[in-house]
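Take a look at the letters that make up each chain.
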Amino acid sequence: MSATPHSTAPSDAFSAEALAALLPAHAAPPLEQLQRLIAAGLDRLPLPGHGATLQRWQALAAIAAVDLSLLKLYEGHTDALAILAEIDGAGEAPGSSWGVWCAEMPGARVKLHQGANGHWQLDGRKAWCSGAAGLSHALVSCWNDAGEACLAQVTLSQPGVTVTHDGWQAVGMAGSASVDVLFSAAHATPVGAPGAYLARPGFWHGGAGIAAGWYGAACAVAGYLHARAGHATPDPVRLAQLGRIDCALRAAGALLREGAREIDQHPQRDAMELALRLRLAVEDCATLVLQLTTRALGAGPLCRDAHFARLASDLPVFLRQSHAERDQATLGGIVAGAADHPWGL
């Protein structure tokens, strides 16, 4: 298990007021903000499936409302701590900052093998490495000589790790700096047995948690319309858009609360179906919220409010972490295999 215990972080630590005090409005770089959260102990979230999954997701949603690039780094760091706790990694050093780099680039695999000195080494190129230029450690998906999927932890300050400037041209989520990293005989430590990363129950728990981040960002976007919709002379069009947003957010929020409760009640159950449903529902909700809010408010906040503009730019990029119709087809196949239709009250 992880060497450092995971306490239940108090919910008021993630209030808007507390985060505003900790993460000033001058918008420090996301990596700097991540270090502030780590130093304050706010990375010690309840582990998923341990009775407080909703509280964990509420923290992710609160960070997402501040800055989605920060959320990308924070979610990766807290997910790494959960992975290490679940599959008996070597534990993390105090004050360390972690990424989880497990996207697989077509035609390229990072290789894990033992060198002549008996030490484990990584070789190859890994894409989509968020925060690579400033994190201290990463969990990296890789493949051993037998062709088995593995996970390894690696210290990023060593000579065998080269952070490139390749692979990231987006304006949205620019602060996540998800570039390519090259490994050349980089010293690494295997984490768990081959296949353990994908087989563990927490894989889909973590995937579902991403939806909580999307939801938090959508709530922040909608908050701008909520603040403007109740003026002395209400605009009926804005009110109609706000009503539609309210229905979408409440439905998505109810699904998230139900999903968190189910994960806590059945932590060892395969959560693939649950995670896919949450991600797809929240993706649709967030897309609708962004569309309706920007239509209702026009160009003003997009051009004159830095926080709103950043959210509106970041959210569409972050949502593309979804596999869209491919995930819909997977979920549809699961539902089609059920003996009875699953939609009764």
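Residues numbered from 1 in each chain as written. Predicted model: local features only at pLDDT ≥ 70, side-chain atom pairs only at ≥ 80, totals over all residues. Heavy atoms only, no water.

## Some details on the packing of helix α7 (residues 236-265) against helix α8 (residues 272-297)
Here α7 crosses α8 at 160 degrees, and the two axes come no closer than 9 Å. Between α7 and α8, the interaxial angle falls into the category roughly antiparallel. Between α7 and α8 the crossing geometry is left-handed. Seen from α7, the contacting residues are R238, Q241, R244, I245, A248, L249, A252, L255, L256, G259, E262 and I263; seen from α8, they are L274, L278, A281, V282, C285, L288, V289, L292, T293, R295, A296 and L297. (Axes fitted to C-alpha atoms, helices over the stretch in contact; angles between N-to-C directions. Helix = DSSP H or I, 4+ residues; strand = E, 2+ residues; numbered from the N terminus. Parallel < 35°, antiparallel > 145°, perpendicular 65-115°, else oblique. Left-handed = near helix turned anticlockwise from the far one by under 90°. Contact = heavy atoms within 4.5 Å.)

## Overview of the confidence of the model for the protein chain
On average, residues of the protein chain score 92 in pLDDT, and 95% of them reach the 70 mark or higher. Across the protein chain, the secondary-structure element scoring lowest on mean pLDDT is helix α1 (residues 16-22), at 85, and the one scoring highest is α8, at 98. Per-residue pLDDT stays below 50 along residues 1-5; that stretch engages in twelve contacts with residues further than four places along the chain or on separate chains. (pLDDT = per-residue confidence, 0-100.)

## A look at the pairing of strand β3 (residues 120-129)
Pairing between strand β2 (residues 111-114) and β3: four bridges, direction antiparallel. From the neighbouring strand, L112 faces β3, where its bridge partner is L122. In sequence, β2 turns back onto β3 through a hairpin of five residues, with G118 there showing a positive phi of about 85 degrees. Strand direction decides the pairing type here: β3 and strand β7 (residues 179-190), joined by six bridges, are antiparallel. Paired with K126 across the strands is V181, a residue of β7. (Pairing = 2+ DSSP bridges.)

## Observations concerning the pattern of salt bridges
Pairing between side chains of opposite charge can happen when the charged atoms of each approach one another. For the coordinates displayed, the defined rule picks out eleven salt bridges. R250 is the partner of D246 in a salt bridge, and the nearest nitrogen-oxygen pair spans 2.7 Å. Here R250 and D246 lie together in helix α7, a separation of four residues that amounts to about one turn. According to the relative accessible area criterion, D246 is partly exposed, its value standing at 34%. (Salt bridge = Lys/Arg side-chain N within 4 Å of Asp/Glu carboxyl O. Buried < 20%, exposed > 50% of the residue type's maximum accessible area, 1.4 Å probe, protein only.)

## Some details on the packing of aromatic side chains
Pairs of aromatic rings are described using the distance from one ring centre to the other and the angle between the two planes. Applying the stated rule across the entire model yields four aromatic pairs. Look at W128 and W168: their rings are 6.1 Å apart centre to centre, the planes differ by 85 degrees, and that puts the pair in the edge-to-face class. Within this pair, whereas W128 is found in strand β3, its partner W168 is found in the loop between β6 (161-163) and β7, the two being separated by 40 residues in sequence. Under the relative-accessibility criterion, W168 is labelled buried at 18%. Plain terms: the ring middles of Y197 and F203 are 5.5 Å apart, the flat faces sit at 85 degrees to each other, and that makes the pair edge-to-face. You can call Y197 buried: its relative accessible area is 13%. The class for F203 is partly exposed, based on a relative accessible area of 24%. A connected cluster of aromatic rings, assembled from ring pairs, spans Y197, F203 and W204. R109 extends its terminal NZ or CZ atom over the ring of W143, reaching a point 3.5 Å from the ring centre. (Phe/Tyr/Trp six-rings, centres within 6.5 Å; stacked < 30°, edge-to-face > 60°. Lys NZ or Arg CZ within 6 Å of the ring centre and 35° of its normal.)

## Describing the environment of G124
Position of G124 relative to the elements: it lies in strand β3. Aside from chain neighbours lying at most four places away, what touches G124 is V110, V181, L182 and F183.

## Focus on helix α4 (residues 68-86)
When the terminal C-alpha atoms of α4 are compared, their 26 Å separation across 19 residues agrees well with the 27 Å that a helix rising 1.5 Å per residue should span. Most of α4 is tucked away: 17 of the 19 residues are buried. For α4, the N-terminal capping position is held by D67, with its side-chain oxygen 2.9 Å away from the main-chain nitrogen of S69. Once α4 ends, the next one or two residues include D88, with phi positive near 60 degrees. (Expected span 1.5 Å × (residues − 1). Polar contact = N/O pair within 3.5 Å; in protein donor to acceptor, adjacent residues only side chain to side chain.)

## Details of the packing of helix α6 (residues 202-229) against α7
Close contact between α6 and α7 brings their axes to 10 Å; oriented N to C, the two are set at 155 degrees. On the basis of the axis angle, α6 is roughly antiparallel to α7. Considering only the axes of α6 and α7, their crossing is left-handed. Residue-level inspection shows H205, A211, A212, Y215, A218, C219, A222, L225, H226, R228 and A229 of α6 in contact with α7, the latter providing R238, L239, Q241, L242, I245, L249, A252, G253, L256 and I263. Here the residues of the contact of α6 with α7 sort into 15 nonpolar, four polar and two charged. (Nonpolar A, V, L, I, M, F, W, Y, C, P; charged D, E, K, R; others polar.)

## Observations concerning the nonpolar core
Core analysis: the largest hydrophobic core is formed by 82 residues, its most contacted members being F14, Y74, W101, L122 and F183. If we skip the residues at most four places from it in the chain, F183 touches W101, V110, L122, D123, G124, K126, V140, V154, G160 and V161. Ranked by size, the runner-up nonpolar core spans twelve residues in total, among them L84, I87, C102 and A196. (Core = buried A, V, L, I, M, F, W, Y, C linked by side-chain atoms within 4.5 Å.)

## Thoughts on the environment of A240
Along the chain, A240 falls in helix α7. Separated by eleven residues in the primary sequence, A240 and A229 have C-alpha atoms spaced 9.8 Å apart.

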